[in-house]
Each structure stands twice: as structure tokens, then as C-alpha cells.
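The chain contents come next:
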Amino acid sequence: MGSNFNIHFFGTSSAVPTKERGLSCLTITYENSMAFFDCGEGSQRSVLGAGLGFNKDCNIFITHLHGDHVIGLLGILQTMAMNRREKQVGVFGPEGIIDFIRTNQSILRFGLTFDVMAREVKPGLVYDEENSRYRVFAQKSKHSALSFAYVFEEKEKPGRFHPEKALKLGIPEGPLWSKIQHGESVKSPKTGKVVDPKQIMEKPRKGKRIGISGDTRPTSLLEQFFKGCDVLIFDSTYSDEHQENALENLHSTSREAAMLAKKARAKNLILTHFSARYRRVSNLVRQAREVFPNTIAAKDFLVYDVADTS
Ligand SMILES: [Zn+2]
């Protein structure tokens, strides 16, 4: 793990788990926070196995309410409670997500040691807080249940601050530096001139964007939504040979994932959610690479360094 911005794949199989692949779950760790995207059954075991722990700031985003994407949520919440977590957890998902949590909590009679802030999402911005370093957007995807795709967006990073330039312009270390770092112009106490942050700081650096499709057919709406993503993680349930199944079950083939990545001008494509019929997915990767060379296949416990991508 080279940086503090990684994607951890925990479940990369569709519908049923295999010996090598668990059910849909991935986690983006960023500085001191973690964001889950789907929690198939058994997710918490993989997270613990990877040594990630559950004590970070945490939000959980669910793409749709099919069991293989959401049943593991209960286990994750229970494991957090066993660890006496106190920090609130945000859970975001389609209509029904609040009922799913409340009903199971009441039937299973499990108490939690922390608050769950559950929200039903609509297309648009679904998560942003002043102190958070990232935001999350949702868009409708096309599947057999009400289903959302998400974009995880790292917030813009302030450019480098040059103390020597500040001092040269007569601005002493202290509250004025902090104002400049927050983008405010200040008056130099020495020269009386107004100093623009641009004179002291470099340009802000654009944050990285990660797209997560969930289960879906490729659509033009998603193509727009994923425009320019640094990393696109896309439904790749089938190979060319099973195109019919993709149409029938509202999933995508690896080639279709690649075509969408190309049209959206994504920089990197990661295929996931493979049908359990494929023991090896090299054929799916090959078919995708014919269209979009920058493609890899996810596997359980793969850690992908986002800071390293270009
Ligand atoms: Zn699925």
C-alpha cells in the first residue's frame, strides 16, 4: 500500500460466491475515512481479514437492494457494535434502505453502540460535509431493481503554500497565513497592499474521481455521469459468448464496459462482478482490452492505489 488513497476489492463475484470470489463489496480508503460500496454477505470477514478495521469515519453506499449487494450490511454493523464503535455511520441507498435496516434490527433485536444515519438517495449530490475530504454523487443505473451508480470525488486540494513568498510580501506567520490558505485576500501589515492568495500559493490540484457502476446495462446517462473518471469500476458479468444473458438479466459484458469507458473517456477501467461460471476471467479482460487497453480485472483482496493513477 503505497499511499493513503486506495480501493480495496472484497467481493468480485455476481449472484453467488465462489471459492475465490465473495459477493459485491469494495471499500475506498482515503486518509482517515472509509467508504463502502455494496456489502454482500460475508463482507465484514474480508474487511477484517485485510486488516482494515472498522474504526475510521465510515459511510456505506448501496447500489441496489438485491441480497448479494446488501445482506452483508447487517454483519458489518454488528461487527462495529461488537467493537464498541461510537462514531456515527452513514448509510445511503435506494428507497427501502431505511426499512431494511430498521426491520432487521427489530426482528434480530440487535442494538448498536453508534448512530446509523440512513438516507434514501436520488440522482445528484448525495454526500458532502464541510469536514469531509470527498463527496459522492449518484445516478440511476439500469437494472432489474431500482439501482444507482456512484461517483466518489476527492475534493480539490489546495495548491502548495510558499512561506518565503508570504514573508517577502510582508505577511507574517499567523492568522493571515491561514486566511490565505483558505483562499482569502489579505492586506499586508507591512506594505498596506492587498495580497491575493495566487501570489503565494500554487494552483489548486483537481481531485480524483472514481466511478462505481453497480449492476447495470451500459446507458448514455451513465456515460455522461462517468465522464473523465480517473478510475471506472464497471459491471462485467459476462463475456461476448453470453451477450444474450447480459441483455436478459440487465448486466453488461466486459466489452460493453470497455465501450462505455472509452466513450466516457475514463482513464482506467476495472472489471468486476463476474459470473460464477468463469473460473478465469482472462478471456473477459482480453475482449475488453480490444476496445479499451487500460483495463484490468478486479479480484478479491486486490488493493488499487488511486494516488498512483495517471
Ligand atoms: Zn449483483
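Refer to the structure presented above.
Within any chain, residue numbers begin from 1 and follow the written order of that chain's sequence. Per-residue local features are limited, in this predicted model, to residues with pLDDT of at least 70; the limit for side-chain atom pairs, both in listing and counting, is 80 or more; totals at the level of whole chains, interfaces and linings are taken over all residues. For side-chain calculations, the full set of non-hydrogen atoms in the structure is used, while hydrogens and water are omitted.

S.K.: What's the story with the sheet that holds strand 12 (residues 209-212) in this structure? I'm lost.
M.R.: Within a beta sheet, neighbouring strands are joined by backbone hydrogen bonds and run either parallel or antiparallel to one another. Paired strands, as defined in this entry, are two strands with at least two bridges between them according to DSSP. Only DSSP runs of H or I covering at least 4 residues are called helices, and only runs of E covering at least 2 are called strands; the numbering of each starts at the N terminus. Strands sit in the order 7-8-9-12-13-14-15 across an open sheet of seven strands; the sheet is mixed. The outermost strands of the open sheet, each flanked by one partner alone, are strand 7 (124-127) and strand 15 (295-297). Across the sheet, the mean angle separating the axes of adjacent strands is 25 degrees when strand polarity is ignored. Contacts between helix 10 (residues 282-289) and the sheet are confined to strand 14 (268-272) and strand 15, with strand 15 contributing the most and set at about 165 degrees to the helix. All axes here are fitted lines through C-alpha atoms, helices being fitted over the stretch that makes contact, and every angle between N-to-C directions spans 0 to 180 degrees. Every residue pair with non-hydrogen atoms within 4.5 Å of one another is taken to be in contact.

S.K.: How should I be thinking about the nonpolar core in this particular structure?
M.R.: One recurring pattern in soluble globular proteins: nonpolar side chains tend to sit buried together. To form a nonpolar core, buried Ala, Val, Leu, Ile, Met, Phe, Trp, Tyr and Cys residues must be joined to one another through side-chain atoms within 4.5 Å. Buried, partly exposed and exposed residues are distinguished by accessible area as a fraction of the type maximum, computed with a 1.4 Å probe on protein chains only: under 20%, between the cut-offs, and over 50%, respectively. Ile-7, Phe-37, Phe-152 and Ile-210 are the most contacted members of the largest nonpolar core, which has 29 residues in total. Counting residues per element, the ones that place at least two in this core are strand 1 (5-11), strand 2 (25-30), strand 3 (33-39), strand 7, strand 8 (134-140), strand 9 (148-154), strand 12 and strand 13 (231-235). Beyond its immediate sequence surroundings of up to four residues, Phe-152 is in contact with Phe-5, Ile-28, Tyr-30, Ala-35, Phe-37, Tyr-134, Arg-135, Val-136, Lys-208, Arg-209 and Ile-210. Counting residues in each nonpolar core, the second largest holds 27 residues, with Leu-52, Val-89, Phe-100 and Ile-101 among its members.

S.K.: Explain the packing of aromatic side chains to me, please; I cannot follow it from the model alone.
M.R.: Ring pairs (aromatic) are described by centroid distance and by the angle formed between their planes. Stacked, edge-to-face and tilted are the three classes for Phe, Tyr and Trp ring pairs, Trp counted by its six-membered ring, which pair at centre distances within 6.5 Å; planes under 30 degrees apart are stacked, over 60 edge-to-face, the rest tilted. The full count for this structure, using the stated rule, is 16 aromatic pairs. With a centroid separation of 6.3 Å and 70 degrees between ring planes, the pair formed by Phe-61 and Tyr-127 is classed as edge-to-face. Taken together, the residues span a long stretch of sequence, with Phe-61 in strand 4 (residues 57-61) and Tyr-127 in strand 7 at a distance of 66 residues. On the accessibility criterion, Phe-61 (0% relative accessible area) is buried.

S.K.: Explain the pairing of strand 12 to me, please; I cannot follow it from the model alone.
M.R.: In the case of a regular strand, side chains alternate between the two sheet surfaces. The side-chain alternation of strand 12 yields two buried faces, one formed by Arg-209 and Gly-211 and the other by Ile-210 and Ile-212. The pairing of strand 9 with strand 12 spans four bridges and is classified as antiparallel. Residue pairing across strands places Glu-153 opposite Arg-209, the latter belonging to strand 12. As paired strands, strand 12 and strand 13 are joined by three bridges and run parallel to one another. Across the sheet, Ile-210 pairs through a bridge with Val-231, a residue of strand 13.

S.K.: Explain helix 4 (residues 97-108) here, please?
M.R.: Residues lying three or four places apart along an α-helix face the same way, a consequence of the helix completing one turn every 3.6 residues. Compared with the 16 Å implied by 1.5 Å per residue over 12 residues, the 16 Å span of helix 4 between its first and last C-alpha is a close match. Inspection of helix 4 places Ile-97, Phe-100, Ile-101, Asn-104 and Gln-105 among the buried residues, and these make up the whole buried set. Axial view of helix 4: buried residues confined to an arc of 120 degrees, hence all on one face. Every exposed residue of helix 4 that faces more than 90 degrees away from the buried side is listed here: Asp-99 and Ile-107. Those residues of helix 4 hidden inside the fold are in contact with helix 2 (67-70), helix 3 (72-82), strand 5 (89-93) and strand 6 (116-120). At the exit of helix 4 stands Arg-109, carrying a positive phi of roughly 50 degrees. In this analysis, the expected span of each helix is defined as 1.5 Å times one less than the number of residues it contains. This arc is taken over the directions from the axis of the helix to the C-beta atoms.

S.K.: Sorry if this is basic, but what is going on with unusual backbone geometry here?
M.R.: The phi dihedral of Asp-38 falls on the positive side, at around 65 degrees, and the residue is not glycine. As for its placement among the helices and strands, Asp-38 is situated in strand 3. Residue Asp-38 is classed as buried on the basis of its relative accessible area of 4%. Even without a glycine there, the phi angle at Arg-84 is positive, about 55 degrees. Mapping Arg-84 onto the fold places it in the loop between helix 3 and strand 5.

S.K.: Would you take a moment to explain the packing of helix 9 (residues 254-263) against helix 10 for this structure?
M.R.: The geometry of a pair of packed helices is captured by two quantities: the angle between their axes and the separation between those axes. Put simply, helix 9 and helix 10 touch, their axes get as near as 8 Å, and they point 35 degrees apart. Regarding helix 9 and helix 10, the two cross each other, and that crossing is right-handed. Along the contact surface, helix 9 presents Ser-254, Arg-255 and Ala-258, while helix 10 presents Leu-284, Gln-287 and Ala-288. Charged residues are taken to be Asp, Glu, Lys and Arg, nonpolar residues to be Ala, Val, Leu, Ile, Met, Phe, Trp, Tyr, Cys and Pro, and polar residues to be all remaining types, Gly included. Of the residues contributing to the contact of helix 9 with helix 10, the split by class is three nonpolar, two polar and one charged. Handedness of a crossing is defined here by the sense of rotation of the near helix relative to the far one, left-handed for an anticlockwise turn of less than a right angle and right-handed for a clockwise turn.

S.K.: Sorry if this is basic, but what is going on with helix 3 here?
M.R.: Of all the 11 residues making up helix 3, nine are buried; the element is thus mostly covered by neighbouring parts of the structure. The first or second residue beyond helix 3 is Arg-84, which carries a positive phi of 55 degrees.

S.K.: Just to check I follow, could you spell out the environment of Lys-122 for this structure?
M.R.: Locating Lys-122 in the fold gives a position in the loop between strand 6 and strand 7. Setting aside residues no more than four positions away along its own chain, Lys-122 makes contact with Ala-138 and Phe-148.

S.K.: Explain the side chain of Asp-215 here, please?
M.R.: One can find Asp-215 in the loop between strand 12 and helix 7 (220-225). In this structure Asp-215 is buried but unpaired, with Arg-217 as the nearest side chain of opposite charge at 12 Å. At 3.1 Å, the side chain of Asp-215 forms a polar contact with the side chain of His-69. Definition of a polar contact: a pair of N or O atoms within 3.5 Å, with one able to donate and the other able to accept a hydrogen when the atoms are protein atoms, and with sequence-neighbouring residues admitted only if both atoms are side-chain atoms. A distance of 3.1 Å separates polar atoms of two side chains, one belonging to Asp-215 and the other to His-273. Beyond its immediate chain neighbours, meaning those up to four positions away, Asp-215 contacts His-64, His-69, Ser-141, Lys-142, His-143, Ser-147, Asp-235, Leu-250, His-251 and His-273. A positive count includes Lys and Arg, and a negative count includes Asp and Glu. His and the chain ends are not counted in either. Salt bridges are defined as contacts in which a side-chain nitrogen from Lys or Arg sits within 4 Å of a carboxyl oxygen from Asp or Glu.

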